[in-house]
Amino acid sequence: MLTLVFILKNLSRHKLRNTLTIVGIAMSVLSFGLLRTTVDAWYAGVEASSSTRLITRNSISLIFSLPISYGDRIRGVEGVTRVCQGNWFGGEYIDEKNFFPNFAVEPRTYFELYPEFVLPVDQKEAFLRDRKGCVIGRKLADRFGWKIGDPVTLKGTIYPGDWGFTIRAIYSGRDKSADETQLLFHWDYLNETLRKASPRQADQTGFFIVGIRDAENAAGISRTLDARFANSLAETLTETEKAFQMSFVTMSEAIVSAIQIVSSLVLVIIMAVAANTMAMSARERMGEFAALKALGFGGWYLAMLILGESLAIAAIGCALGCALTFPVAAAFGDAVSQYFPVFQVSGATVLLQVFSALAVGFVAGVVPALRARSVGIAEALRRLG
Amino acid sequence: MTSCPAETTLGSAAPEASRSPVIEVREVSKAYTRGQQTVPVLLGVSFRIEPGEFLALMGPSGSGKSTLLNLIAGIDRVDSGSIMVGGVDITTLDESGLARWRSRSVGFIFQFYNLIPVLTALENVELPLLLSPLSGRQRREHAKAALALVGLADRMDHRPNELSGGQQQRTAIARAIVTDPDILVADEPTGDLDRASAKEILDLMCGLNKSLGKTIVMVTHDPKAAERAHLVRSLEKGVLTDADPRLHS
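A. Inspection of the overall build of chain A at higher detail. Within chain A, the regular secondary structure consists of 15 helices and twelve strands. Relative to its length of 385 residues, chain A is extended, with a C-alpha radius of gyration of 29 Å against a globular reference of 21 Å. With respect to the three principal axes, the spread of C-alpha positions in chain A is 95 × 45 × 30 Å. Relative to all contacts within chain A whose residues are 6 or more apart in sequence, the contacts with residues 24 or more apart total 82%.

B. Inspection of the interface of chain B and chain A at higher detail. With 23 residues of chain B at the interface, the matching set in chain A holds 21 residues. At the level of secondary structure, the elements contributing two or more residues to the side of chain B that touches chain A comprise helix H2 (95-105) and helix H3 (121-126) of chain B. Looking at the side of chain B that touches chain A, the element that brings in the most residues is H2(B), giving five residues.

C. A look at the domain arrangement of chain A. All names here are of chain A. With domains assigned, chain A is organised as domain 1 (2-44 + 253-384) and domain 2 (60-234). Computed from C-alpha atoms alone, the centre-to-centre distance between domain 1 and domain 2 is 48 Å. Classifying every residue of the side of domain 1 that touches domain 2 by side-chain character gives three nonpolar, three polar and no charged.

D. Representation of the sheet that holds strand E2 (residues 37-49) of chain B. All names here are of chain B. The strand order across the open sheet formed by four strands is E2-E1-E4-E5, and the pairing between neighbours is antiparallel. Each edge of the open sheet carries a strand with a single partner, namely E2 and strand E5 (88-89). Sheet topology note: the strand E1 (residues 23-34)/E2 ladder contains nine bridges and is antiparallel. Note on E2: the bridge partner recorded for Val25 is Phe47. Of the strands in this sheet, E1, E2 and strand E4 (80-85) are in contact with helix H1 (residues 65-73), which crosses E1 at around 120°.

E. Representation of the pairing of strand E9 (residues 183-186) of chain A. Residues and elements named next belong to chain A. Direction of pairing for strand E4 (residues 102-105) relative to E9: parallel, over a ladder of four bridges. In the strand pairing of E9, Ala104 is matched with Phe185. Pairing of strand E6 (residues 133-137) with E9, which is carried by three bridges, proceeds in the antiparallel orientation. Among the inter-strand pairings, Val135 is bridged to a residue of E9, identified as Leu184.

F. Local environment of the environment of Thr91(B). Residue and element names in this part refer to chain B. One can find Thr91 in the loop between E5 and H2. In the structure, Thr91 is positioned 13 residues away from Val78 in sequence and 7.0 Å away in space, judged by C-alpha atoms. In this view, Thr91 contacts Val78, Ser82 and Ile83; residues no more than four positions away in its chain are not counted.

G. Inspection of the sheet that holds strand E3 (residues 54-58) of chain B at higher detail. All names here are of chain B. An order of E6-E7-E8-E3-E9-E10 is seen for the six strands of this open sheet, with the pairing classed as mixed. If you trace the sheet from one side to the other, it starts and ends with strand E6 (106-109) and strand E10 (239-240), each paired once. Pairing analysis gives five bridges linking strand E7 (residues 183-187) to strand E8 (residues 215-219), with the strands arranged parallel. Within the sheet, the bridge partner assigned to Asp187 lies in E8 and is Val219. Docked against the sheet, helix H5 (residues 165-177) engages E6 and E7, running at close to 170° with respect to E6.

H. Here's a closer look at the nonpolar core. One finds Ile25(A), Leu55(B), Leu57(B), Ile72(B), Val185(B) and Val217(B) to be the most contacted residues of the largest nonpolar core, which totals 160 residues. With eleven residues, helix H13 (residues 299-335) of chain A is the single largest residue contributor to this core. Shared between two domains, this core takes at least three residues from each, and those domains are domain 1 (2-44 + 253-384) and domain 2 (60-234) of chain A. The contacts of Ile72(B), once residues within four sequence positions are left out, are Ile23(B), Val25(B), Ile83(B), Val85(B), Val185(B) and Val217(B).

I. View of the confidence of the model for chain B. All names here are of chain B. With 90% of its residues at a pLDDT of 70 or more, chain B shows a mean pLDDT of 86. Averaged pLDDT values for the elements of chain B fall to 87 in helix H7 (residues 223-226) and rise to 95 in H3. Ignoring residues within four places in sequence, the model shows residues 6-18, a span with pLDDT below 50, making 23 contacts including any to other chains. Prediction confidence for the complex, expressed as pTM and ipTM, is 0.75 and 0.86 respectively.

J. Molecular detail of the packing of helix H1 (residues 2-10) of chain A against H13(A). Residues and elements named next belong to chain A. Where H1 contacts H13, the two axes come as close as 9 Å, and the packing angle between them is 60°. Taken as axis vectors, H1 and H13 run oblique relative to one another. Pair H1 / H13 crosses with right-handed handedness. Side by side, H1 and H13 meet where Phe6, Ile7, Leu8 and Asn10 of the first sit next to Leu305, Gly308, Glu309 and Ala312 of the second. Residues of the contact of H1 with H13, tallied by class, amount to five nonpolar, two polar and one charged.

K. Structural detail: unusual backbone geometry. The phi dihedral of Ile94(A) is positive, around 65°, even though this residue is not glycine. By secondary structure assignment, the location of Ile94(A) is in the loop between strand E3 (80-88) and E4. A count of 10 C-beta atoms within 10 Å places Ile94(A) in the exposed class. Positive phi, normally seen in glycine, also occurs at Glu188(B), with a value near 50°. The class for Glu188(B) is buried, based on 21 C-beta atoms found within 10 Å.

L. Representation of the pairing of E1(B). Residues and elements named next belong to chain B. For E1 and E4, the ladder comprises five bridges, and the chain directions are antiparallel. Looking at the pairing, Arg26 lines up with Ser82 of E4. Once E1 ends, the chain turns through two residues before running back antiparallel as E2, passing Gly35 with a positive phi of about 65°.

M. Seen up close, the packing of helix H11 (residues 253-284) of chain A against H13(A). Residues and elements named next belong to chain A. Where H11 meets H13, the closest approach of the two axes is 11 Å, and the angle between their N-to-C directions is 140°. Classified by the interaxial angle, the pair formed by H11 and H13 is oblique. The way H11 lies across H13 gives a crossing that is right-handed. Packed against H11, whose contacting residues are Ala274, Met278 and Ala282, the element H13 presents Ile306, Ser310, Ile313 and Ala314 at the interface. Per-class residue counts for the contact of H11 with H13 are six nonpolar, one polar and no charged.

N. Region of interest: the environment of Thr250(A). All names here are of chain A. Its location among the elements puts Thr250 in helix H10 (residues 241-251). A tally of 11 C-beta atoms within 10 Å means that Thr250 is categorised as exposed. Sequence-wise, Thr250 and Tyr43 are 207 residues apart; in three dimensions their C-alpha atoms are separated by 10.0 Å.

Rules behind the numbers
- Residues numbered from 1 in each chain as written.
- Chains lettered and ligands numbered in written order.
- Predicted model: local features only at pLDDT ≥ 70, side-chain atom pairs only at ≥ 80, totals over all residues.
- Helix = DSSP H or I, 4+ residues; strand = E, 2+ residues; numbered from the N terminus.
- Rg over C-alpha atoms; globule rule 2.2 N^0.38 Å.
- Contact = placed C-beta atoms within 7 Å.
- Domains from an automatic or database assignment.
- Nonpolar A, V, L, I, M, F, W, Y, C, P; charged D, E, K, R; others polar.
- Pairing = 2+ DSSP bridges.
- Axes fitted to C-alpha atoms, helices over the stretch in contact; angles between N-to-C directions.
- Core = buried A, V, L, I, M, F, W, Y, C linked by C-beta atoms within 7 Å.
- Buried ≥ 20, exposed ≤ 12 C-beta atoms within 10 Å, placed from the backbone.
- pLDDT = per-residue confidence, 0-100.
- Parallel < 35°, antiparallel > 145°, perpendicular 65-115°, else oblique.
- Left-handed = near helix turned anticlockwise from the far one by under 90°.

Pasting the structure below:
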């Protein structure tokens, strides 16, 4: 107990220096947590994907479409339960700063394929009845203050013109990882409009979402589907939803890598700062350590005092940093919700923060601890005199 | 100032010649290396200290008296010779053995007190007892008793910077005696104190020598402090310059 008191009281020796070090560690733990959460947010789509959903798209590129007639042929493949066509609509609300994802989808099968998007039955019925109706996520509704019945006009970027919708339903995510920032509307509305305005683009879909009975058959079904459309004008590429989402992350892999490197560098920098604090602290106390050794304390006890102090500084900084991570991440997540629909601090991130801070504390204390351990009593006392 | 009371002086309470010495230094030599130069500090020093004796080591700066004290206290190593303390040849002990021996057998009184500034007087005195098998409560009781013995019962919760120099040195003395060691070693214990405080500390050391029978080895420059010892030995250039008076008595 006295040893613990001793370690904690040692923190009061240089209040300003130790406080600054603690604040430094807290800030680096916070930065590390935010950067890790940003990386997690990048992978949120991957994490939220289902193993029983496949995505079939044009094998050349996502910007090339597929004939809607492929839907029936896909449905005929053994193991396929549902098929839903969808298009990235890419509409803008007022201007591009108000970005949010918006898709034209076949609504009945879409919500069967995505049970994680929960919407009230009456609202769902109202949406299904209204060809120009749309469904929006809870976060999107909160962002623009939209409510049921409000009209929304999107400016088409891929499909020119102003597209008017009426909000008929607001969905909520069943899980925290569900994206609540989307706007979904009837694929038929898009297709019928295109038939009149741009017939060449009609009866084409950007992708099919394919529900399968057994996730273990995903590879086999993918191969079967792609073989079925081989040597056609629009060959397909079918992959799991996870792989499909991952392909988007891979496009920005360099940014993700840079964030990961920066988050590690933050720790290395604070490690150097903490090591400097501990080195100074130990150097100032060599005479004291010599006196303790003279009293009979072994070198390992002194090393434990230094390491304990270093770990205590790191633990306080870590607690502060972790506590700050949640409100700061929430505020940051709100500010960037159009880019990162899911910005949640995960348990794994908190564990990594704790582990990193303790590692910083340990590494920062090791060299001064070893020095204290090997201090020569007579020599240190002579220097003190 | 006069030496410690007559009943504890060399001629009376001090041990008779037949009793075995508590400290026996035999042909001890020690040299330090500075750069490429070897500087001899002690040259074949031999002497002995009887149980309950209060010895003052004097000599000019660099004469080797502090080195000799460090060797007796087991915080430095001899180059040659041997040192028996309480029947143990401490020159044969390894580092951990020596640390264990110091924690049980030696109480240190330093010139600059070397108290831990962040701990209270009570915690400072309790500190050496961490190495004993005593419980926390027992440790605190022992520490309180030691502080009471040095007259600081009312200063237990004060930190060193809230105490005067004399009170800090008394706290250091309480820390030195709390483990009930065989010997007390004091390196210039009054060197950093004013005359009045120095007298208080010397009175206290004499009292410990008398009432608890502690063997004390003190290094000092101060002839007035040396006067309080039973026996004064002088070192010069690493050699004892005077003969042991007991050999002539």
